[in-house]
Amino acid sequence: MLGLAQNAVSKVTSAVTNSAHHIEGELSLFTMSDNKILELIYATHVHEDDSFDVDSLFLVTENIIKRSTQIVDSIVQGTQVHVDTIDEKPPKASFSSPLCTLKSIGCEMSCKPPGEEISHKSTLAILNKVSNYSWESKAVLALAAFALEYGEFWLLANIHQSDLLAKSVAILKRVPVLLKPADLQKRRQAVVELNVLIKTTLQVIECIFELEKLSTYDPKDVPALAIAMDHIPVDVYWSIITIVACATKITLLTSDEEKHYDLSQFAQKIHYILNKLKIQLLICKKQIEEAETYRKLRKLFQTPAEVMEVFKALIFTKDTVQPIIDGSTNKTVNIDVLRRKYVLLFISTLDISDDDIAILKPVYEGTKKEDKYKIVWIPIVEQWTDELRKKFELLRAKMPWYTVQYFAPVAGIRFIKEEWHFKGKPAVVVMNPQGKVENTNALHLIRVHGMKAFPFYKGIEDKITNDREWITPIVNDIHPSIQTWIKEEKYIFFYGGKDNDWIQQFTKKATIIANDPFIKDQKINIELFCVGKSPKGGEDLGILGRFWNGIESLFFTNVNKQTDTVTKEVQKLLSYKNESGWAVLSKGSTVVVSGHGFTILKVLDDFDTWKNFIKEKGFELAFKAHHEKVIQTVKHCSRLDIPTVAGKVPETMKCPECPRTMETYVSYKCCHTDGPINAHH
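Residues numbered from 1 in each chain as written. Predicted model: local features only at pLDDT ≥ 70, side-chain atom pairs only at ≥ 80, totals over all residues. Heavy atoms only, no water.

Colleague: Give me the lowdown on the nonpolar core, citing residues and values where you can.
Modeller: In terms of nonpolar packing, the biggest core is built from 89 residues, with Met109, Phe146, Trp154, Trp238 and Phe266 touching the most fellow members. Tallying contributions element by element places helix α10 (residues 223-253) first for this core, with 18 residues. With near-sequence residues (within four places) excluded, Trp154 lies in contact with Ser68, Ile71, Val72, Ile75, Val76, Leu178, Leu179 and Val191. In terms of nonpolar packing, the next biggest core, distinct from the first, is built from 31 residues, Val307, Val310, Ile380 and Ile413 among them. (Core = buried A, V, L, I, M, F, W, Y, C linked by side-chain atoms within 4.5 Å. Buried < 20%, exposed > 50% of the residue type's maximum accessible area, 1.4 Å probe, protein only. Helix = DSSP H or I, 4+ residues; strand = E, 2+ residues; numbered from the N terminus. Contact = heavy atoms within 4.5 Å.)

Colleague: Mind laying out the sheet that holds strand β9 (residues 526-530), listing which residues take part and the relevant values?
Modeller: One open sheet accounts for four strands, arranged β9-β8-β10-β11; its pairing is mixed. Pairing within the sheet leaves two strands with one partner each, and these edge strands are β9 and β11 (590-596). Strand after strand, the sheet turns through a mean of 20° between neighbouring axes, direction not considered. Pairing of strand β10 (residues 582-587) with β11, which is carried by six bridges, proceeds in the antiparallel orientation. The residue bridging Val584 from the neighbouring strand is Ser594, located in β11. Strands β8 (491-496) and β9 of the sheet are contacted by helix α19 (residues 480-487), whose axis makes an angle of about 150° with β9. (Pairing = 2+ DSSP bridges. Axes fitted to C-alpha atoms, helices over the stretch in contact; angles between N-to-C directions.)

Colleague: How would you explain the packing of helix α22 (residues 541-558) against helix α23 (residues 565-575) if you had to name every residue and give the values?
Modeller: Between α22 and α23, whose axes approach to 9 Å, the crossing angle comes to 140°. The orientation of α22 with respect to α23, classified from their angle, is oblique. Of the two elements, α22 crosses α23, and the hand of that crossing is left-handed. Seen from α22, the contacting residues are Phe547, Trp548, Ile551, Glu552, Leu554, Phe555 and Asn558; seen from α23, they are Thr567, Val570, Gln571, Leu573 and Leu574. Partitioning the contact of α22 with α23 into residue classes produces eight nonpolar, three polar and one charged. (Parallel < 35°, antiparallel > 145°, perpendicular 65-115°, else oblique. Left-handed = near helix turned anticlockwise from the far one by under 90°. Nonpolar A, V, L, I, M, F, W, Y, C, P; charged D, E, K, R; others polar.)

What follows is the structure, given as structure tokens:
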């Protein structure tokens, strides 16, 4: 409904008052669109200038309706109700009832014949009389005008037998007509249903009132409020027309004639509105709570004092602090175990693989000897279900570290998403004993360097990264032979791609060069490793996924150093991920060149052209020099796909192959090939 109110406003100027006084054609009231209702009721709305105490009027009205409906239950249903148990809230001492306005509204409700069109006309007449009030005030005034009559009727019904004045007034109000045993028996069900409808309408207006009170909050903090507020005029219309229909029903119930007026459609509509408003209020209150937690956490992280207190504020709401689970013993422990420790927060959804968990196991093993470091898994789940709880238990059982077992969304979910850029992919936030964040996502560091990057503070990669050896941590664990080749300083082609024909061509041509007599004479050893292909010829999606995850992590650990050589090489390789082919040539652990499949294949084709330079320059320099010549003659777009779930993405990116800034696009893609899907996914 967002924007519905604004659209309707533009139509008001052309709306003629007369057209607002009937339902067009024979269109049923209950099939009339919200847009049509808005068009009609906005024609009655002048401006909002409440000059009376609407809060006090609502309190008095609420007291009247609650006591009246209890008297109805007592008289009509015979239930024993102690009306004194109602928590009555007094209005302000200075409150003065807008009596003339209430009586004027009451005139539009009194003694009307039944019918949708008449109720609709009466409602528009009431709205015209309260045109300069806010929407919630219009609803309260209409309910107060009704309460004036309804309250008086049941007050007289309750005391007319013991008070002579009440008895005479009751006769004029037709109270005895309804209370005759035969008539009461006949109309009991109708009175009970009417009573329920009045209570429900009161609840709807209570919700509208409550939503209005929340309108002081910043719309950015409570986006659901704008949607709810846009629809309030329509909800007010339905509240008032239901009140008008209830007044008509009372007129019929107190007459000697047998006239039927079915209110079931009004009841159905008003129950629907009540349920919708209750849900909207819950969502708004949740968003307000999140916004307040977010502000509190931002303040807390600006001046942190102790890591356990920060952790508590991040995970739990005020009254929900719970123990955490120690994965090594499967027992719950108090969160005090985190006090004055370095804490690594492992944050993820339940869609994580065994590989994601395995990355942290060496860190756990490396730090558990010292009691200074603790790992805690924080599962991010918006809405828990039994199925998700089972999945949580399966994952938790694989983790030897601590786990938050809290089956509600964590209190700081907005903070985690906005400040730490969590978008679904696992992250590791490093906090020191004072609760200061040392790294908003160390997982990229851990994935590439493992315990070499300990204690995983931001910037530590500068101390441990050798510019030319960036490929080693990515490929080291992929295959046992690779470590041997690296130690022996062999030339290694790591290659792959989306096009099997390209892979076959590359394998064939590179193998011919590796076995060339000239190469053998020069004692040059060349090994080939096709990433993602198993020795039997099939695809190894696990290796492929780990390789590209590693390259992506390496990219993110270096992303802020866009002029750095390593960054450019990694960025270049990442831009080839979805191309037909790519290759990286290294000598042992040192990267010589990375290139697009087309250009690398051209270098292999031209082997006879550049092989004569191998003697004077060496294999890698000759290869690299010819590759640079080739890329001058071949131009292809450099495309870089960075998953939006990967955390903070740079706003601008320099091209890895020329000095220009790359154009920015958003693309959505699923290649179904980045890794195996675990059985529990």
